[in-house]
Amino acid sequence: MKKSLMNRRDFIRNSAVAGAATALRPKIHSATGPVAIASRNGLGAVARAVEEINAGADALDAVITGVNLVEEDPNDRTVGYGGLPNADGVVELDSAVMHGPTGRAGAVASLQGIKYPSKVARLVLQRTDHVLLVAKGAQDFARMHGFSIENLLTGEAREIWVRWRETLSNRDDYLPPHGPDDVDLGQAMKRSYEHWGTIHCSAIDLQGNISSVTTTSGLAFKIPGRVGDSPIIGAGLYCDNEVGAAGSTGRGEANLENCSSFLIVERMRMGDSPQDACLYACERIAQNTHLARLQNQAGEPAFNVSFYALNKAGEVAGARIRGAAQMSVADKNGARHIDMAYLYA
Ligand code: ASP
């Protein structure tokens, strides 16, 4: 039976410490010198980023070069070229970058036809006085800087989209009128995992400067125009050169509502390890998830969000709301996957 909202809230408040104590906490990995972290799909990206840093690159350029590998990979269905399209069959990309030394950020959202949204986000940072450009304005800006417009929908991604349309039933994002206790809305409460995915990458360079990037094709089959957390500074990523950086993948709406990446960096500023800060953000989302349609029978979030963080000392860790998983890290010991902490098994 689902606990009432009041009971669930009290439970979480009273057991915040106990909850954290039972959360699985793998060893924190610490490194000096160049270090890069990414979501699991970023093993090649972190290796590349550290290579670039060792060759003298600034952390911002290094992480962007790293994630470009995934943006151009037709087999990653969640990022850039080959990403799954929106409900109309159009690939719409979101990306943001943040540069620690200058504190500047740049981002693009709902960008169509450009394979490397992270590069356009960097241009927004470098060549405008703005932070976020969207849709046609972002595409025009990219074209002004020499990017060509391409069809990003691969044959395989198109076939997956066609299959989705042909079986269209309860897998879109339109909701009928409902109350907080409704669970079965005939809507996709149990989205299959291929609907989600993104790459986040943060790094420390040889000068000790920190920068971050997040890039994604967003939620598969989303309502056209839907923007997730990835291009929103403070939600999909945040970076403070004196403290550290954090980024996320998973249900973007939860991060938008909780400013999770900013929260993680602020927790690290207050002394949390990267792992504790990431778990704190997971707990905050659990506390703020009140609607029955977003909860499982135990009253826990029925969705997942993953966080990746590093601090100024080069300590790295990640945590997610639910289930064991791994993230990517590269440092002087090479590139590898490491275990992430989690709140619920
Ligand atoms: N966070 C991304 C979004 O909401 C998707 C994901 O990471 O799976 O667009």
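Residues numbered from 1 in each chain as written. Predicted model: local features only at pLDDT ≥ 70, side-chain atom pairs only at ≥ 80, totals over all residues. Heavy atoms only, no water.

A. View of the site of the ligand. Lining the immediate environment of the ligand, one finds 12 residues, of which G197, T198, R226, D229 and G250 sit closest. At 2.7 Å, a backbone N or O of G250 approaches a nitrogen atom of the ligand. Coverage of the ligand by the protein chains reaches 100% of its 270 Å² of free accessible surface. Among the cavities detected, the one that contains the ligand is the largest cavity. (Near = heavy atom within 4 Å. Polar contact = N/O pair within 3.5 Å; in protein donor to acceptor, adjacent residues only side chain to side chain. Areas by Shrake-Rupley, 256 points an atom, 1.4 Å probe, with all protein chains shown as cover. 1 Å grid on protein atoms, 1.4 Å probe; cavity = no way out; pocket = protein on both sides within 12 Å on 5 of 7 lines; lining within 4 Å. Sits in = over half its atoms within 2 Å of the grid points.)

B. Representation of the pattern of salt bridges in the model. Under the defined criterion, the tally for this structure stands at 13 salt bridges. Of the charged contacts, one joins R267 and D272 as a salt bridge, the two residues approaching to 3.0 Å between their closest N and O atoms. Taken together, the shared-partner salt bridges in this structure form one network comprising K136, D140 and R143. (Salt bridge = Lys/Arg side-chain N within 4 Å of Asp/Glu carboxyl O.)

C. Inspection of empty space enclosed by the protein at higher detail. Overall, the coordinates contain two cavities of 30 Å³ or more when judged by the stated rule. For the largest cavity, the calculated volume is near 80 Å³. As for the largest cavity, its lining consists of 13 residues, of which T198, G218, R226, D229 and G250 are closest to the centre. Residues belonging to the lining of the largest cavity are distributed by class as follows: two nonpolar, eight polar and three charged. (Points joined across faces, edges and corners; volume = space filled by probe spheres on them. Nonpolar A, V, L, I, M, F, W, Y, C, P; charged D, E, K, R; others polar.)

D. Structural view of the pairing of strand β11 (residues 315-322). Judged by how many residues are buried, β11 sits mostly within the fold: six of eight residues are covered. Bridge count for strand β10 (residues 305-311) against β11 is five bridges, and the pairing is antiparallel. Residue F307 lies in a different strand from β11, and its bridge partner there is A319. Pairing analysis gives three bridges linking β11 to strand β14 (residues 341-344), with the strands arranged parallel. Looking at the pairing, R322 lines up with Y344 of β14. (Buried < 20%, exposed > 50% of the residue type's maximum accessible area, 1.4 Å probe, protein only. Helix = DSSP H or I, 4+ residues; strand = E, 2+ residues; numbered from the N terminus. Pairing = 2+ DSSP bridges.)

No statement about biological role is implied by the geometric values presented.
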